[in-house]
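Each chain, written out:
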Amino acid sequence: MVDQRLALLGPHGLDAAGAEALLPALEAACAAGDVAAVILRLAPADERALTALVKRASAITQAREAALVIACPGFAGDLVQVAARGGADGVHLDKPRDPASDLGDLRSRLKDGRILGTGGLESKHIAMEAGEAGVDYLMFGGLYPDGAAPDAETVLARAGWWAEIFETPCVAVAATEPELPALVETGAEFVGLESALWLSDPSVVARAQALIGAQAG
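Calculation rules
Residues numbered from 1 in each chain as written. Predicted model: local features only at pLDDT ≥ 70, side-chain atom pairs only at ≥ 80, totals over all residues. Heavy atoms only, no water. Helix = DSSP H or I, 4+ residues; strand = E, 2+ residues; numbered from the N terminus. Rg over C-alpha atoms; globule rule 2.2 N^0.38 Å. Contact = heavy atoms within 4.5 Å. Areas by Shrake-Rupley, 256 points an atom, 1.4 Å probe, with all protein chains shown as cover. Salt bridge = Lys/Arg side-chain N within 4 Å of Asp/Glu carboxyl O. Buried < 20%, exposed > 50% of the residue type's maximum accessible area, 1.4 Å probe, protein only. Core = buried A, V, L, I, M, F, W, Y, C linked by side-chain atoms within 4.5 Å. Pairing = 2+ DSSP bridges. Axes fitted to C-alpha atoms, helices over the stretch in contact; angles between N-to-C directions. Right-handed = clockwise from strand over helix to strand, strands pointing away. Phe/Tyr/Trp six-rings, centres within 6.5 Å; stacked < 30°, edge-to-face > 60°.

(A) Quick look at the overall build of the protein chain. Regarding its fold elements, the protein chain presents nine helices and eight strands. In terms of overall dimensions, the protein chain is globule-like: its C-alpha atoms have a radius of gyration of 16 Å, near the 17 Å expected for 217 residues. Over its C-alpha atoms, taken along the principal directions, the protein chain stretches across nearly 45 × 40 × 35 Å. Taking the intrachain contacts of the protein chain between residues at least 6 apart in sequence as the baseline, contacts between residues at least 24 apart amount to 65%. Within the structure as shown, the protein chain displays about 9,700 Å² of accessible surface, and the carbon and sulfur contribution to it stands at 52%.

And the structure:
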């Protein structure tokens, strides 16, 4: 039986202003369950501003012994350096155009055991290519940047398929609370909670933790 843990996803396009509301809620959510990781999806900005924001978030996650992984679609700078300077534990890349090249390059540049994750994988073949590129986890599900949710049944099927066959851990993301029981049953190493769930109601984290505990028991 896999030792399941929780992962929290931040909203798309997080900037310094949005962080003012998010960071206190993040602290409360991390305190409500066994949160293994937080994936922050940042808005592009200059490296100094991004590093300052990451430092604020990493202070919270480090206090709770949760990994902080950052994504920043459209950022023209060096996200690996932002992660290192801000105290993040790694970086996340959605929809790699060429998994072997894009993820392979990041893998070679992430030193000292820093985490590389990926998501937005639109086929089983691309998921397998991403796994071969040396990522530390694959994510199935998670809202698109426009706020639309991927098909819940597809997310469930892909997470179950991956968790059953492959050794690389996966994150199965719930966009709504009713999706949680089935995602827990997939055996995915991590059950992800979209920001809309935990930002407004940190008790969702405790309820997700209870589902994991019931499955393990």
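(B) Representation of the pattern of salt bridges within the structure. Tallied over the entire structure, the rule returns nine salt bridges. Between Asp201 and Arg207 there is a salt bridge, with its nearest N and O atoms 3.2 Å apart. The exposure class assigned to Asp201 is partly exposed, which follows from its relative accessible area of 27%. Salt bridges here are not isolated pairs; linked through shared partners, they connect Glu177, Asp201 and Arg207.

(C) Structural context of the nonpolar core. Of all hydrophobic cores here, the largest spans 61 residues; its most connected members are Leu8, Leu26, Leu40, Leu42, Ile70, Leu193 and Trp198. Core analysis: the next-biggest nonpolar cluster, separate from the first, contains ten residues, Val69, Tyr137, Met139 and Val171 among them.

(D) Spatial organisation of the sheet that holds strand β4 (residues 90-94). In space, the eight strands of this closed barrel follow the order β1-β2-β3-β4-β5-β6-β7-β8, with parallel pairing throughout. Each strand axis lies, on average, 25° off the axis of its neighbour in the sheet, ignoring direction. Those strands touched by helix α1 (residues 16-31) are β1 (5-9) and β2 (35-41), and its axis lies near 160° from that of β2. Of the strands in this sheet, β1, β2 and β8 (190-193) are in contact with helix α9 (residues 203-216), which crosses β1 at around 150°.

(E) Summary view of the pairing of strand β6 (residues 137-140). Of the two faces of β6, both are covered, the one formed by Tyr137 and Met139 as well as the one formed by Leu138 and Phe140. For the crossover that starts at strand β5 (residues 115-119), traverses helix α5 (residues 124-132) and ends in the parallel β6, the hand is right-handed. Pairing analysis gives three bridges linking β6 to strand β7 (residues 170-174), with the strands arranged parallel. For Leu138, the partnering residue across the bridge sits in β7 and is Cys170. Once you follow β6 into helix α6 (residues 152-165) and on to β7, the crossover reads as right-handed.

(F) Just the packing of aromatic side chains, in detail. With the rule as written, the count across this model stands at four aromatic pairs. Taking the centre distance of 6.2 Å and the plane angle of 55° together, the rings of Phe140 and Trp162 count as tilted. With Phe140 in strand β6 and Trp162 in helix α6, the pair connects residues that are 22 residues apart, well separated along the chain. For Phe140, a relative accessible area of 4% translates into the label buried. When its relative accessible area of 1% is taken as the criterion, Trp162 is described as buried. The interplanar angle of 25° and the centroid separation of 4.0 Å between the aromatic rings of Trp162 and Phe166 together place this pair among those described as stacked. Taken together, the ring pairs connect Phe140, Trp161, Trp162 and Phe166 into an aromatic cluster.

(G) Structural context of the environment of Ala84. With respect to the helices and strands, Ala84 occurs in helix α3 (residues 79-86). Relative accessible area serves as the criterion here: at 35%, Ala84 is assigned to the partly exposed category. When the C-alpha atoms of Ala84 and Val54 are compared, they prove to be 9.6 Å apart, with 30 residues separating the residues in sequence.

(H) Inspection of the pairing of β1 at higher detail. Of all the five residues making up β1, four are buried; the element is thus mostly covered by neighbouring parts of the structure. Taken together, the four bridges between β1 and β8 define a ladder with parallel strand orientation. Bridged to Arg5 within β8 is Phe190. Inspection of the sheet shows β1 paired to β2 by four bridges, in the parallel sense.

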